[in-house]
Amino acid sequence: ADVQNENIFQDKIDQEIKIEPKDWMPDAYRQTLIRQISQHAHSEIIGMLPEGNWITRAPSLKRKAILLAKVQDEAGHGLYLYSAAETLGISRDQMYQQLHSGKAKYSSIFNYPTLTWADIGAVGWLVDGAAIMNQVPLCRNSYGPYARAMVRVCKEESFHQRQGFELLLILSQGTPEQRRMAQESINRWWWPSVMMFGPNDDASPHTAQSMKWKIKRFTNDELRQKFVDVCAEQVKILGFTLPDPDLKWNEERQHYDFGAIDWTEFNNVIRGNGPCNKQRLDARKNAWDNGAWVREAATAYAEKRKKRQAA
Ligand code: FAQ
């Protein structure tokens, strides 16, 4: 029966028919999706922290309204993604537990600090830019609930990227000090953003299988190259530079060549030793602990209602 199920499953994948929660699926496919979707959800929720840091210090009412909306969107993305993961048979409590214990990862990028206002621009332009590059193809991934959640996420992500680019564009037309602040911020965020796409293809244990299952539609290196190509052009409009002396258009490849990535830094960050790992996880664990009374009150209230209805 398993062989037959496996054939039906693979047939659907090959024919671009979405896999739905109640369909038979190989256990490894289920586990891969739980891993990726939950890590994606955690990234959205942890990703609220670096930007949330600037809400009280936004330089105008307009900028504050934009930033508030963006951070709220990230919360929404986290919630759709947790819901999508729940359809695979894992509970939200289990996912939180995996995050808090360090078993589940979240994106390396959110372990870097937001030091200046320009960082809000650089995060929008580069981090959301990288996120869209990775997430647009996920709208076509083979698991229905994940693919459908990504459609709205990508629309919102594209607004986030534009607000970041526009923020930097305004700074680029500002005082010499504002221009310096923006350039310094781009310098700090560039390489961590390039790393967001994950290890090189030859060092990525999950890519080959995920491509066969159509969870991934492009490899890490393919998406990274597209991102570099786009940013190398956009940075010219801003009148700034990317901190890579090896960045150069390659006529033959029709792509930009770029410098070597510091994988030691990447591995350090994903092992928990980045500049803000401890701070980020502590913030989430504290939120969980401080919310205990709310969960208890909600459970007690639900019990009371159930009893009243039964009576
Ligand atoms: N950080 O074999 P692969 C956002 C791990 S955007 C940390 O290549 P895979 C929006 C990987 O998990 C960010 N860990 O793995 C936003 C695996 O470890 P594991 C979130 C990383 O899964 C913007 C190991 O390395 N986006 O939140 C990273 O095939 C602004 C081997 O790697 C997503 O999660 C990394 N950068 O490919 C929010 C997108 N890269 O699990 C707020 C969905 C790799 O075995 C503000 N995810 N690792 O312990 C994906 O597309 C994939 O999971 C990849 C990794 C491409 C991230």
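A brief structural summary. (Residues numbered from 1 in each chain as written. Predicted model: local features only at pLDDT ≥ 70, side-chain atom pairs only at ≥ 80, totals over all residues. Heavy atoms only, no water.)

So, the site of the ligand
Near the ligand lie 35 residues; those nearest to it are Lys105, Ser108, His206, Lys216 and Asn220. Residue Arg35 places a side-chain N or O atom 2.9 Å away from an oxygen atom belonging to the ligand. Summarising the interface, the protein chains cover 91% of the accessible area of the ligand, which totals 1,100 Å² for the free molecule. Taken atom by atom, the bulk of the ligand overlaps the largest pocket. Among the elements of the structure, helix 2 (27-46), helix 4 (61-86), helix 6 (118-135), helix 7 (144-172) and helix 11 (263-273) are those that each provide at least two residues to the shell around the ligand. Broken down by element, the shell around the ligand gets its largest block of residues, 6 residues, from helix 2. Its residues assigned to classes, the shell around the ligand shows 13 nonpolar, 13 polar and 9 charged. (Near = heavy atom within 4 Å. Polar contact = N/O pair within 3.5 Å; in protein donor to acceptor, adjacent residues only side chain to side chain. Areas by Shrake-Rupley, 256 points an atom, 1.4 Å probe, with all protein chains shown as cover. 1 Å grid on protein atoms, 1.4 Å probe; cavity = no way out; pocket = protein on both sides within 12 Å on 5 of 7 lines; lining within 4 Å. Sits in = over half its atoms within 2 Å of the grid points. Helix = DSSP H or I, 4+ residues; strand = E, 2+ residues; numbered from the N terminus. Nonpolar A, V, L, I, M, F, W, Y, C, P; charged D, E, K, R; others polar.)

Things to note about the pattern of salt bridges
Inspection of every chain in the model, using the stated rule, returns 17 salt bridges. A salt bridge links Glu20 to Arg148; the shortest N-O distance between them is 2.9 Å. Here Glu20, found in the loop between helix 1 (2-14) and helix 2, pairs with Arg148, found in helix 7; they are 128 residues apart in sequence, far enough to count as distant. (Salt bridge = Lys/Arg side-chain N within 4 Å of Asp/Glu carboxyl O.)

Structural notes on the packing of aromatic side chains
If you walk through the whole model with that rule in mind, you get 12 aromatic pairs. Plain terms: the ring middles of Tyr82 and Tyr96 are 5.3 Å apart, the flat faces sit at 75° to each other, and that makes the pair edge-to-face. Placement of Tyr82 in helix 4 and of Tyr96 in helix 5 (residues 92-101) is noted, with a sequence separation of 14 residues between them. In this pair, the class of Tyr82 matches that of Tyr96, namely buried. When the ring of Phe197 is compared with that of Phe227, the centres are 5.3 Å apart and the planes differ by 50°; the resulting orientation is tilted. Of this pair, Phe197 sits in the loop between helix 8 (176-195) and helix 9 (207-212) while Phe227 is found in helix 10 (residues 220-238), placing the two residues 30 residues apart along the sequence. Neither residue differs from the other here; Phe197 and Phe227 are each classed as buried. (Phe/Tyr/Trp six-rings, centres within 6.5 Å; stacked < 30°, edge-to-face > 60°. Buried < 20%, exposed > 50% of the residue type's maximum accessible area, 1.4 Å probe, protein only.)

Side note on the layout of surface pockets
Which parts of space are left empty comes out when a probe the size of a water molecule is rolled across the atoms. Empty space within the largest pocket amounts to approximately 1,100 Å³. If you go around the largest pocket, you meet 44 residues; those closest to its centre are Gln39, Ser107, Asn134, Met196 and Phe197. Those elements that provide at least two residues to the lining of the largest pocket are helix 2, helix 4, helix 6, helix 7, helix 10 and helix 11. No other element matches the 7 residues that helix 6 contributes to the lining of the largest pocket. Among the residues making up the lining of the largest pocket, the classes are represented as 19 nonpolar, 15 polar and 10 charged. Lining the second largest pocket are 14 residues, with Gly102, Ala104, Tyr106, Ile270 and Gly272 positioned closest to its centre. Counting only elements with at least two residues in the lining of the second largest pocket, the list comes to helix 11 and helix 12 (277-290). Class assignment of the residues belonging to the lining of the second largest pocket gives a composition of 6 nonpolar, 4 polar and 4 charged. (Points joined across faces, edges and corners; volume = space filled by probe spheres on them.)

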